[in-house]
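Here is how the chains run, residue by residue.
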Amino acid sequence: MRGFFITLEGLDGCGKSTQLERLAAALSQRGLAVLATRQPGGTEIGTSIRALMIQQHSRLSPVAEVLLMMADRAQHVSDIIKPNLEAGRIVISDRYIDSSVAFQGYGRGLEITAVEALNDLATGGLLPDLTILFELNREAAQARLATRTEKQLTDSAPMTGFDDEQHDFHQRVQQGYWQLAARHPDRIHCVDADGSVNEVHQRVMALVLERLQELGVRS
Ligand code: TMP
């Protein structure tokens, strides 16, 4: 069996990292081989790139930022994602190509077609079988981020703050995600991220099991 590739997307604070853990655990319990990973940071090189980006974010130009994201992505695809898919595993990545289009393209104003071309180069054209876009309004995402512990913030630091100045940026990212979902309806599925962890998990599971069934993966 060729593996199955799932990516999770959304604004910072949308709850996707918690849902990734729940989804990976639920699929493992069903006896499926699962690998959970993330971008930026799924490899040793990626972890260094992630730390560099968090530290130097305010000084990075948008082009430098997108190229660092792509370096992380290229390494991640070749070292982790491809080999695990080839071994027949379900790979779940917290962020992938759509983050660069939404954040660096729509958010920072880089040309969308240029970001897409870079994505293609970095991934060799490897697309997810399913992308789950977690939908949560900016205020709710901000409120969730405010409850993060110091450890969670060190592990997963949003590169852009949620103060008022950044409001327009997050609006553009949100709209970028919606445009992506409209352009790729077969791949990108929206999930309402408002609700308890359990409620959102049920929505995610329903979607994933349906897609696995369509592709004939035993679940
Ligand atoms: P995370 O905390 O969800 O792991 O994401 C880290 C930050 O990196 C988040 O603010 C989104 C940002 N990011 C981009 O701007 N472009 C990308 O391509 C990726 C993968 C992440």
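Higher on the page you've got the structure.
Residues numbered from 1 in each chain as written. Predicted model: local features only at pLDDT ≥ 70, side-chain atom pairs only at ≥ 80, totals over all residues. Heavy atoms only, no water.

Colleague: Honestly, the pattern of salt bridges in this entry has me stumped. Any pointers?
Modeller: Side chains that differ in sign of charge can pair as their charged atoms come close. Counting across every chain of the model gives seven salt bridges. Among the ionic pairs, R95 bridges to D12, the shortest N-O distance being 3.2 Å. Within this pair, whereas R95 is found in the loop between β3 (90-94) and α4 (97-107), its partner D12 is found in the loop between β1 (4-10) and α1 (16-29), the two being separated by 83 residues in sequence. An identical accessibility class is assigned to R95 and D12; each is buried. Between E116 and R183 there is a salt bridge whose closest N-O contact spans 2.7 Å. Placement of the pair is E116 in helix α5 (residues 112-123) and R183 in helix α8 (residues 167-183), with a sequence separation of 67 residues. With relative accessibility at 42%, the residue R183 sits in the partly exposed group. Salt bridges sharing partners connect three or more residues here, namely E9, D12 and R95. (Salt bridge = Lys/Arg side-chain N within 4 Å of Asp/Glu carboxyl O. Helix = DSSP H or I, 4+ residues; strand = E, 2+ residues; numbered from the N terminus. Buried < 20%, exposed > 50% of the residue type's maximum accessible area, 1.4 Å probe, protein only.)

Colleague: Looking at this structure, I do not really get helix α2 (residues 44-56). What am I missing?
Modeller: Note on helix geometry: an α-helix contains 3.6 residues per turn, so any two residues three or four positions apart are oriented the same way. Taking 1.5 Å of rise per residue, 13 residues should cover 18 Å, and α2 covers 18 Å from first to last C-alpha, within 8% of that figure. Residues G46, I49, R50 and M53 constitute the buried set of α2. Looking straight down α2, one finds that the buried residues subtend no more than 100° of arc, so they occupy a single side. Exposed and oriented more than 90 degrees from the buried face of α2 are E44 and Q55. (Expected span 1.5 Å × (residues − 1). Arc of directions from axis to C-beta.)

Colleague: Would you mind showing me how to read the packing of aromatic side chains here?
Modeller: Aromatic rings considered in pairs are described by the distance between their centres and by the relative angle of their planes. With the rule as written, the count across this model stands at three aromatic pairs. Here F5 and Y96 contribute two aromatic rings whose centre-to-centre distance is 4.9 Å and whose plane-to-plane angle is 75°, an arrangement assigned as edge-to-face. Of this pair, F5 sits in strand β1 while Y96 sits in the loop between β3 and α4, and the two are 91 residues apart along the sequence. Here F5 and Y96 have matching classes, each one buried. Between F103 and F169 the ring centres are 6.2 Å apart and the planes differ by 55°, which places this aromatic pair in the tilted class. Taken as a pair, F103 in helix α4 and F169 in helix α8 lie far apart in primary sequence, 66 residues in all. F169 carries the same exposure label as F103, and that label is buried. Grouped by ring-pair contacts, the aromatic residues F103, F169 and Y177 constitute a single cluster. Its end group placed over the ring of Y96, R73 keeps NZ or CZ at 5.9 Å from the ring centre. (Phe/Tyr/Trp six-rings, centres within 6.5 Å; stacked < 30°, edge-to-face > 60°. Lys NZ or Arg CZ within 6 Å of the ring centre and 35° of its normal.)

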